[in-house]
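# Breakdown of the fold
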Amino acid sequence: MDNKTTFIPDKEKLEEAYEKNKPVLSAVLFGIENQLKNILKLASKPTYKSRVKSFSSYYKKILRVKPESMGKQDLPVLTDLIGIRVICAFLEDLAEVEKQIVANFDIVEIERKGASRTFSEFGYESVHILIKIPEKLKNGKDERVQLPPGLVCEIQIRTILQDAWAEVEHELVYKSEFSPFDLPLRRKLASMNASLSLSDIIFQEIRDYQNKLNKEMDLRRSIFYEQADTLSREQMSDSITEESMPVFENRNSSLPYVHGTIDDLILEAIHAHNTGELEKAIGIYTQIITAQPQPNNIVLSVILKHRGMARFSQNKYKESLADFLASVEKDPKNFRSLYYIGIVYSIQGDDEKAIDYFTQSLALNEYQSHVYYRRALAQYHRCNFDLASEDLTRAHNLGLDNDDCKKLREILSAKSEFSV
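To keep things clear, this report deals only with the structure shown in the data block. The model shown is predicted, which means the values in this text are computed figures rather than measured ones. (Residues numbered from 1 in each chain as written. Predicted model: local features only at pLDDT ≥ 70, side-chain atom pairs only at ≥ 80, totals over all residues. Heavy atoms only, no water.)

So, on to the overall build of the protein. Helix and strand content of the protein: 15 helices and five strands. Going through the 420 residues of the protein one by one, you find that 46% of them count as buried. For the protein, the accessible surface area stands at approximately 23300 Å², while carbon and sulfur atoms represent 52% of it. (Helix = DSSP H or I, 4+ residues; strand = E, 2+ residues; numbered from the N terminus. Buried < 20%, exposed > 50% of the residue type's maximum accessible area, 1.4 Å probe, protein only. Areas by Shrake-Rupley, 256 points an atom, 1.4 Å probe, with all protein chains shown as cover.)

Turning to the pairing of strand S4 (residues 126–132), a few remarks are in order. Among the seven residues in S4, six count as buried, and that is most of the element. Where strand S3 (residues 107–113) and S4 come together, six bridges link them in antiparallel fashion. Paired with Glu-109 across the two strands is Leu-130, which belongs to S4. Sheet topology note: the S4/strand S5 (residues 152–159) ladder contains six bridges and is antiparallel. Across the sheet, the residue bridging to Val-127 is Ile-157, located in S5. (Pairing = 2+ DSSP bridges.)

The next thing to look at is a negative patch on the surface. On the surface, a cluster of negative charge is contributed by Asp-10, Glu-12, Glu-15, Glu-16, Glu-19 and Asp-74. If you trace the backbone, Asp-74 turns up in the loop between helix H3 (55–65) and strand S2 (82–88). (Patch = residues over 30% accessible without salt bridge, like charges linked within 9 Å, V, L, I, M, F, W, Y side chains within 5 Å. Salt bridge = Lys/Arg side-chain N within 4 Å of Asp/Glu carboxyl O. Lys, Arg positive; Asp, Glu negative; His and termini not counted. Charge placed at Lys NZ, Arg CZ, Asp CG, Glu CD.)

Further remarks concern the side chain of Arg-374. Mapped onto the elements, Arg-374 comes out in helix H13 (residues 369–381). Within the structure, Arg-374 has its side chain in polar contact with the side chain of Tyr-339 (distance 3.0 Å). (Polar contact = N/O pair within 3.5 Å; in protein donor to acceptor, adjacent residues only side chain to side chain.)

The next thing to look at is the nonpolar core. Ile-32, Leu-36, Tyr-58, Ile-82, Ile-101, Ile-133 and Cys-153 are the most contacted members of the largest nonpolar core, which totals 40 residues. Looking at this core, the elements that each hand over two or more residues are helix H2 (11–39), strand S1 (47–52), H3, S2, helix H4 (91–104), S4 and S5. Looking at this core, the element that brings in the most residues is H2, giving 10 residues. The residues touching Tyr-58, leaving out its near neighbours within four places in the chain, are Leu-14, Tyr-18, Lys-53, Leu-75, Pro-76, Leu-78 and Leu-81. Core analysis: the second largest hydrophobic core is formed by 34 residues, Val-344, Ile-347, Phe-358 and Val-371 among them. (Core = buried A, V, L, I, M, F, W, Y, C linked by side-chain atoms within 4.5 Å. Contact = heavy atoms within 4.5 Å.)

In this fold, Cys-88 is placed in strand S2. Given a relative accessible area of 1%, Cys-88 falls into the buried group. Discounting residues that sit within four places of it in the chain, Cys-88 has contacts with Leu-42, Asp-93, Leu-94, Val-97, Ile-157, Arg-158, Thr-159 and Ile-160.

The geometry of helix H9 (residues 297–313) relative to helix H10 (residues 317–330) is characterised by a closest axis approach of 8 Å and an angle of 165° between their N-to-C directions. For the element pair H9 / H10, the angle class is roughly antiparallel. Crossing angle aside, the handedness with which H9 passes H10 is left-handed. Touching Asn-297, Leu-300, Ser-301, Leu-304, Lys-305, Arg-307, Gly-308, Met-309, Arg-311 and Phe-312 of H9 are Tyr-317, Glu-319, Ser-320, Asp-323, Phe-324, Ala-326, Ser-327 and Lys-330, all from H10. (Axes fitted to C-alpha atoms, helices over the stretch in contact; angles between N-to-C directions. Parallel < 35°, antiparallel > 145°, perpendicular 65-115°, else oblique. Left-handed = near helix turned anticlockwise from the far one by under 90°.)

Before going further, it helps to spend a moment on the sheet that holds S5. Reading across the sheet, the five strands line up as S1-S2-S5-S4-S3 and stay open at both edges, with mixed pairing between neighbours. With one partner strand each, in any of the chains shown, S1 and S3 form the two edges of the open sheet. Taking each pair of neighbouring strands and ignoring which way they run, the sheet shows an average axis angle of 20°. Of the strands in this sheet, S1, S2, S4 and S5 are in contact with H2, which crosses S1 at around 165°. Seen against the sheet, H4 touches S2, S3, S4 and S5 and runs at an angle of roughly 160° to S5.

Attention shifts here to a nonpolar patch on the surface. A contiguous nonpolar patch, built from Leu-198, Ile-201, Ile-202, Phe-203 and Ile-206 and spanning about 440 Å² of accessible area, is present on the exposed surface. When you line up the elements, Leu-198 lands in helix H6 (residues 183–236). By relative accessible area, Leu-198 is classed as partly exposed at 47%.

Further remarks concern the pairing of S2. Within a regular strand, side chains alternate between the sheet's two faces. Among the seven residues in S2, seven count as buried, and that is most of the element. Summarising the sheet, S1 and S2 pair through six bridges and their orientation is antiparallel. Residue pairing in the sheet places Arg-51 in a bridge with Gly-83 of S2. As judged from the seven bridges shared by S2 and S5, these two strands associate in the parallel manner.

Moving on: the packing of aromatic side chains. Across all of its chains, the model carries 10 aromatic pairs by this definition. Taken together, the aromatic side chains of Tyr-18, Phe-55, Tyr-58 and Tyr-59 make up a single cluster linked through ring pairs. (Phe/Tyr/Trp six-rings, centres within 6.5 Å; stacked < 30°, edge-to-face > 60°.)

Tracing the chain through its elements places Glu-96 in helix H4. Residue class for Glu-96 comes out partly exposed when judged on its relative accessible area of 30%. Taking the C-alpha atoms as reference points, Glu-96 and Lys-41, separated by 55 residues in sequence, lie 8.7 Å from one another. Only 2.9 Å separates the side chain of Glu-96 from the side chain of Gln-100, close enough to count as a polar contact.

Encoded structure:
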């Protein structure tokens, strides 16, 4: 008869071995978790759950699965004796976490739990990765206690919703004497599973949409600042002319994923703005602003700011200023609109008003390096050289030290030497 099926472990000796090894198992687990926290780089910070399997659970599973090391070592090894769960916000994070784990650990096995289930079966997906214990964690402080031969660590990767389902499912199904074989109950569980799966997909779609929007907004802001910087440089050299003002090329490009909601319209407008279709962008912004019922004041403030930036790109500074002022009227805490008002006044040569609005913007957000630079430039134009130097230092301390800053610093230094 097969010894593997007839061998019954001595529970007391097994528990003694378990308790003896538990401190070193906990230390190894702590080390692996810290290593994961150091190597995993995601836009959304994951959370971690780690545990050494309780003796009760360990003993029940030993009797059930009868591992190969049964009877060959004091503490027979299970693949999930120690485990860490990495819980991510979005579905896109799962593949990235797996990729980074594979790149940094010695992998024994990767299993995708639940991947083969049909839509009618309850249960939830989870990626389980078995890793070898890193060499630097094998030698503990107590040389009398060695890691059980063949020990591995199981790392589970799940989304927040996958983890929530797994916890509830464990309580309802695996830890209960009652298993829901009744068809209506099974249907309810399957329905909940489908709802959570769909929620994960929707969250990811929203995340993808946000990423697209943020990318477009970053580009649009960069173009706006580039134009303002160009005009400021010309202003410093007193060579600003109507002909030198940049107008953006119309690249005639539209997005394929616009369907008509306000969010979609905003994305389409910003994309049109970025590709030089300024009239189209302004038309869409105006459509949102004049819609009935009107969006709330916070949304209106943002849209007015965008339309002002598009008009600024057309060198229509009067209309641009009106939009930025209206934006602040809708939302007095819109520090970017206050900053943009200051830029328009600065371009128009009204440095006193520019300084006032730069100061208002900084009062709401003091960590804007570019605002300090522009206030420094306005102070320079008003011959307030000491104040300009102070703002330039603040901009430098916040990490802004581009060619424009260096040029202004050189000019201020020369003015200082001349005055002495």
